[in-house]
Amino acid sequence: MLDRMSDLGTLSVIFDLDGTLVDSEPNYYEASRQTLAAHGVPDFTWAEHESYVGVSTGETVARWRERHGLSAPEGDLLAEMNLRYLELARARTPVYPEMRKFVELLAADGVPTAVASGSSPEAIEVILAGTGLGAYLRTVVSAEEVPHGKPAPDVFLEAARRLGTDPVDCVVLEDAAPGAAAAHAAGMRCLAIPYVAAQALAPEFATADLLLHGGQGEFTAQSAYAWLRDTAARAH
């Protein structure tokens, strides 16, 4: 590892996974559509799926049962959806190119990094292994490992604990309103890259330290690193 006396000082970076590092939402939508169709809900739309962006898979399934009046147990629905999702994820999960560059830039500088996601541990492992990001992002927390998923701060606080970093020295990258709220609740800075453009004005995003209204189209590795460098300088 390179000397930690970099321009980023004591900062650590925690990444959300889905919609932030990788464009996995189309796979989650298709897995959800297939699962709901198998339980008598033939008209699941992308618009409805967007309302679950940033919510853990467990909470998503709980909302399905309430919204669509499903009688199947949550555990069964979750298992079915995860199986379908893993099959799709293994086939193809694209990484945002500038995010890959950013991860590599942080790794080269020896900056501690982690992933904190609402996905299952199995789904996170499949994506990190399949995309090669796992070579850089070795500290991983799933919402299934903590008492509460986002917008509660649990996954981010656990990631900071595993990194051995004070939450105040952590910067979170997030694409969804619940994640931005969770970062704020954890006392961490947040760089927000909204996946759903229409949600950029959500009040949760107003707490972000940097909000890129244009989403991934506005994100570059170099500009994000420069912002982190300025953030570190202001903190000391």
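In short, a report on the structure. All of these numbers come straight from a predicted model, not from anything done at the bench.

## Considerations on the nonpolar core
Next up, step 1: If you look at the biggest cluster of nonpolar residues, it comprises 51 residues, and the most contacted ones within it are Phe15, Leu21, Phe102 and Leu173.
Next up, step 2: Breaking this core down by element, the ones donating at least two residues are strand S1 (12–15), helix H1 (25–38), helix H3 (57–68), helix H4 (74–91), helix H5 (97–108), helix H6 (121–131), strand S4 (170–174) and helix H9 (221–235).
Next up, step 3: In contact with Phe102, other than residues within four places in its own chain, are Phe15, Leu173, Phe219, Ala221, Ala224, Tyr225 and Leu228.

## A look at the pattern of salt bridges
Next up, step 1: Tallying each qualifying case throughout the model produces 10 salt bridges.
Next up, step 2: Here Arg33 makes a salt bridge to Glu30, at a shortest N to O gap of 2.7 Å. Of the two residues, Arg33 and Glu30 are both situated in helix H1; the distance of three residues between them amounts to about one turn of the helix.
Next up, step 3: Its relative accessible area of 22% is what places Glu30 among the partly exposed residues.

## A word on H3
Next up, step 1: In this model, H3 (12 residues) spans 16 Å end to end at C-alpha, consistent with the 16 Å of a helix rising 1.5 Å per residue.
Next up, step 2: Buried within H3 are the following residues: Thr57, Thr60, Val61 and Trp64. Each buried residue of H3 lies within a common arc of 95° when the element is viewed along its axis, so the set occupies one face.
Next up, step 3: The first or second residue beyond H3 is Gly69, which carries a positive phi of 65°.

Rules used throughout
Residues numbered from 1 in each chain as written. Predicted model: local features only at pLDDT ≥ 70, side-chain atom pairs only at ≥ 80, totals over all residues. Heavy atoms only, no water. Core = buried A, V, L, I, M, F, W, Y, C linked by side-chain atoms within 4.5 Å. Buried < 20%, exposed > 50% of the residue type's maximum accessible area, 1.4 Å probe, protein only. Helix = DSSP H or I, 4+ residues; strand = E, 2+ residues; numbered from the N terminus. Contact = heavy atoms within 4.5 Å. Salt bridge = Lys/Arg side-chain N within 4 Å of Asp/Glu carboxyl O. Expected span 1.5 Å × (residues − 1). Arc of directions from axis to C-beta.

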